[in-house]
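# Structural overview
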2 protein chains.
Amino acid sequence: VAEAEALAALAQAAGVSLFTAWHSREAAGVTPARQWLANQEIRAVRIDWKEDVRVWHPGQRWISSPGGFGVFDPGINALSILTDIIPDRVRVLSAELHQPADWRSPIAAHIAMETASGVPIAAEFDFRQSGPQSWDIRVEAAGGELLLSHGGDRLAIDGVPQSVGARGEYTALYRRFGQLVRDRATHVDLRPLQLVADCFLCASTQPADAFAY
Amino acid sequence: VAEAEALAALAQAAGVSLFTAWHSREAAGVTPARQWLANQEIRAVRIDWKEDVRVWHPGQRWISSPGGFGVFDPGINALSILTDIIPDRVRVLSAELHQPADWRSPIAAHIAMETASGVPIAAEFDFRQSGPQSWDIRVEAAGGELLLSHGGDRLAIDGVPQSVGARGEYTALYRRFGQLVRDRATHVDLRPLQLVADCFLCASTQPADAFAY
């Protein structure tokens, strides 16, 4: 995080653009979700981000190495959406990490967070999900329950699918970056990475069964 | 870290003072060290922060618990001095942590850091130091070698002790806080905590022998 902050200072000094790109924020449902939540009284948030590391990262040793983040590699995508759609600041209360005997990073995490105004946020990350994959964020609000699913691509309110259009995350990402470069502007948002660092800082790490991938 | 950032935002919104106090920065040698280094070409930094947990924290279970920081509880004091006396930004390159079988936090750490301009910084933290205790920061600069020892209380340049006066850390700390309150001003500097979080984020954790205290 300190390295990213140093980069931001360098970019500013050099007058060049810096973009801390979070691809999942470009998923089609994220902006409509943020807009719907902007005027809602939010009561609770639940994140389930569970995928099969054997499908998505077969043999990629870096992900189970120190500094590889383990399940936070996908999990940070959920945190990037969370911090984009919830207007309030988020802090970590506790993080229980599960580390297989043959891994040097966590394969699963149970995280308790809270907004500055006290809204509870629970997140479950797991790399051992076989079958259907879960990339879901549920927000209970006074006006109904919002569900962002499929990694942010689909949005439903009280179970009713909302029309969000379709767009590619990376197409939108590069379009945004191009605009920043043309404007010589900078967009730096380190909150998702900060939450990951805070999870590791206060982590209670438990052993888990060895897990080859 | 995100929680501290949220506190800073709350303090600003409420118009009250917030002071992220770092007691070791108030040690007598720290300000003279910063002043001497301000115009120096710095070449390397070496930190040795080694103390006996059995002397300073006997039976304090929180320190070996998750989120208790382990040896980073004293080590953050060294990082608070480092970030105060080195003008350049500091980032973590790697952190090897040693965790006893009966601890949930590290008892020792070997940390490689670097300033934005590439100056290497090595830090050794250890809670298993019996006999003389080490709270030393050495800075190799073009104009000589600076040594801050005794936790910042003593300063020497090329082996020659410098007169730094004597003052109590907490007396200076509360005086500073009082002034901030009277001025309704805020002093927030999270860099020491950020470096600790970054160490945990990229940590390579090794097992160590059980260590009762």
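Residues numbered from 1 in each chain as written. Chains lettered and ligands numbered in written order. Predicted model: local features only at pLDDT ≥ 70, side-chain atom pairs only at ≥ 80, totals over all residues. Heavy atoms only, no water.

### Some points on the overall build of chain A
In terms of helices and strands, chain A carries six helices and nine strands. Taking 213 residues into account, the globule formula puts the C-alpha radius of gyration at 17 Å, and chain A, at 18 Å, falls close to it. In terms of its C-alpha atoms, chain A occupies a principal-axis envelope of roughly 50 × 45 × 35 Å. Counting every position in chain A, which comprises 213 residues, the buried fraction comes to 50%. In chain A, 74% of the contacts between residues at least 6 apart in sequence involve partners at least 24 apart. Entry remark: accessible area of chain A is about 9700 Å², with carbon and sulfur atoms responsible for 51%. (Helix = DSSP H or I, 4+ residues; strand = E, 2+ residues; numbered from the N terminus. Rg over C-alpha atoms; globule rule 2.2 N^0.38 Å. Buried < 20%, exposed > 50% of the residue type's maximum accessible area, 1.4 Å probe, protein only. Contact = heavy atoms within 4.5 Å. Areas by Shrake-Rupley, 256 points an atom, 1.4 Å probe, with all protein chains shown as cover.)

### With respect to the relation of the copies chain B and chain A
Superposition of the two copies of the chain requires a rotation about an axis together with a shift along that axis. When chain B is fitted to chain A, the residual RMSD is 0.0 Å, and the transformation amounts to a turn of 180° plus an axial shift of 0.0 Å. Such a turn and shift between the copies fits a two-fold axis. When you check the interface residues of chain B against chain A, 100% turn up at the interface there too, and the contact is symmetric in its surfaces. (Least-squares fit on C-alpha atoms with pLDDT ≥ 70 in both.)

### Things to note about the sheet that holds strand β5 (residues 134-141) of chain B
All names here are of chain B. Across the sheet, which stays open at both edges, the nine strands sit in the order β8-β7-β6-β5-β1-β4-β3-β2-β9 with mixed pairing between neighbours. On the outer flanks of this sheet lie β8 (160-161) and β9 (203-208), each paired with one strand and no other. In this structure, β5 lies alongside strand β6 (residues 144-149), joined through five bridges in antiparallel fashion. By the bridge assignment, Val139 is partnered in β6 with Leu146. (Pairing = 2+ DSSP bridges.)

### A look at the interface of chain B and chain A
On the chain A side, the residues contacting the 27 residues of chain B number 27 residues. At the boundary of chain B with chain A, total buried surface from both sides reaches about 2200 Å², with 58% on carbon and sulfur atoms. Taken as a group, B:Arg89, B:Arg91 and B:Leu201 account for 25% of the area that chain B buries against chain A, more than any other trio of residues on that side. Linking chain B with chain A are two salt bridges. Across the pair B:Glu3 and A:Arg91 runs a salt bridge, and its minimum N-O distance is 2.9 Å. (Buried area = accessible area lost by both parts, 1.4 Å probe. Salt bridge = Lys/Arg side-chain N within 4 Å of Asp/Glu carboxyl O.)

### Some thoughts on the nonpolar core
One finds A:Phe72, A:Phe125, B:Phe72 and B:Phe125 to be the most contacted residues of the largest nonpolar core, which totals 113 residues. Discounting residues that sit within four places of it in the chain, B:Phe72 has contacts with B:Leu97, B:Pro106, B:Ala109, B:Ile111, B:Phe125, B:Val196, B:Cys199 and B:Phe200. (Core = buried A, V, L, I, M, F, W, Y, C linked by side-chain atoms within 4.5 Å.)

### Details of the state of the cysteines
Linking two cysteines covalently through their sulfur atoms gives a disulfide. Applying the stated criterion across every chain, the model contains zero disulfides over all chains. Among the cysteines around A:Cys202, which has no disulfide bond, A:Cys199 carries the closest sulfur, lying 6.1 Å off. (Disulfide = S-S within 2.5 Å.)

### Topic: helix α2 (residues 30-37) of chain B
Residues and elements named next belong to chain B. Taken together, the buried positions of α2 are Val30, Ala33 and Leu37. Buried residues of α2 fall within an arc of 60° about the axis and therefore sit on the same side. At its buried positions, α2 is contacted by β1 (42-50), α4 (72-85), β5, β6 and β7 (154-157). (Arc of directions from axis to C-beta.)

### Things to note about the layout of surface pockets
The space that makes up the largest pocket amounts to roughly 740 Å³. In this structure, the largest pocket is lined by 40 residues; those nearest its centre are A:Gln99, A:Arg104, A:Thr205, B:Gln99 and B:Thr205. With six residues, the top contributor of residues to the lining of the largest pocket is β9(B). Along the lines of polarity and charge, the residues of the lining of the largest pocket split into 24 nonpolar, 14 polar and two charged. If you add up the space inside the second largest pocket, you get close to 520 Å³. Along the walls of the second largest pocket sit 27 residues, with A:Val1, A:Glu5, A:Gln194, B:Glu5 and B:Gln194 positioned nearest its centre. Of all the secondary structure elements, the ones that give two or more residues to the lining of the second largest pocket are α1 (2-14) and α6 (191-201) of chain A together with α1 (2-14) and α6 (191-201) of chain B. When grouped by side-chain class, the residues that make up the lining of the second largest pocket number 13 nonpolar, four polar and ten charged. (1 Å grid on protein atoms, 1.4 Å probe; cavity = no way out; pocket = protein on both sides within 12 Å on 5 of 7 lines; lining within 4 Å. Points joined across faces, edges and corners; volume = space filled by probe spheres on them. Nonpolar A, V, L, I, M, F, W, Y, C, P; charged D, E, K, R; others polar.)

### Considering the confidence of the model for chain A
Of the residues in chain A, 100% reach a pLDDT of 70 or more, and the chain-wide mean stands at 96. Among the scores for the predicted complex, ipTM is 0.94 and pTM is 0.96. (pLDDT = per-residue confidence, 0-100.)

### Points about the pattern of salt bridges
Across all of its chains, the model carries 22 salt bridges over all chains by this definition. With a closest N to O distance of 2.8 Å, A:Arg34 and A:Asp84 form a salt bridge. You can see A:Arg34 sitting in helix α2 (residues 30-37) and its partner A:Asp84 sitting in helix α4 (residues 72-85), a full 50 residues away along the chain. Given the relative accessible area of 18%, A:Asp84 is considered buried. Ionic pairing is found between B:Arg191 and B:Asp189, a salt bridge with its closest N-O pair at 2.8 Å.

### Let's talk about the packing of α4(A) against α6(A)
Residues and elements named next belong to chain A. Relative to each other, α4 and α6 sit at 125°, their axes nearing to 8 Å. By the angle between their axes, α4 is oblique relative to α6. As for how α4 packs across α6, the hand of that crossing is right-handed. Taken together, the residues of α6 that come into contact with α4 (itself represented by Phe72, Ile76, Leu79, Ser80 and Thr83) are Arg191, Pro192, Leu193, Leu195, Val196, Cys199 and Phe200. Along the lines of polarity and charge, the residues of the contact of α4 with α6 split into nine nonpolar, two polar and one charged. (Axes fitted to C-alpha atoms, helices over the stretch in contact; angles between N-to-C directions. Parallel < 35°, antiparallel > 145°, perpendicular 65-115°, else oblique. Left-handed = near helix turned anticlockwise from the far one by under 90°.)

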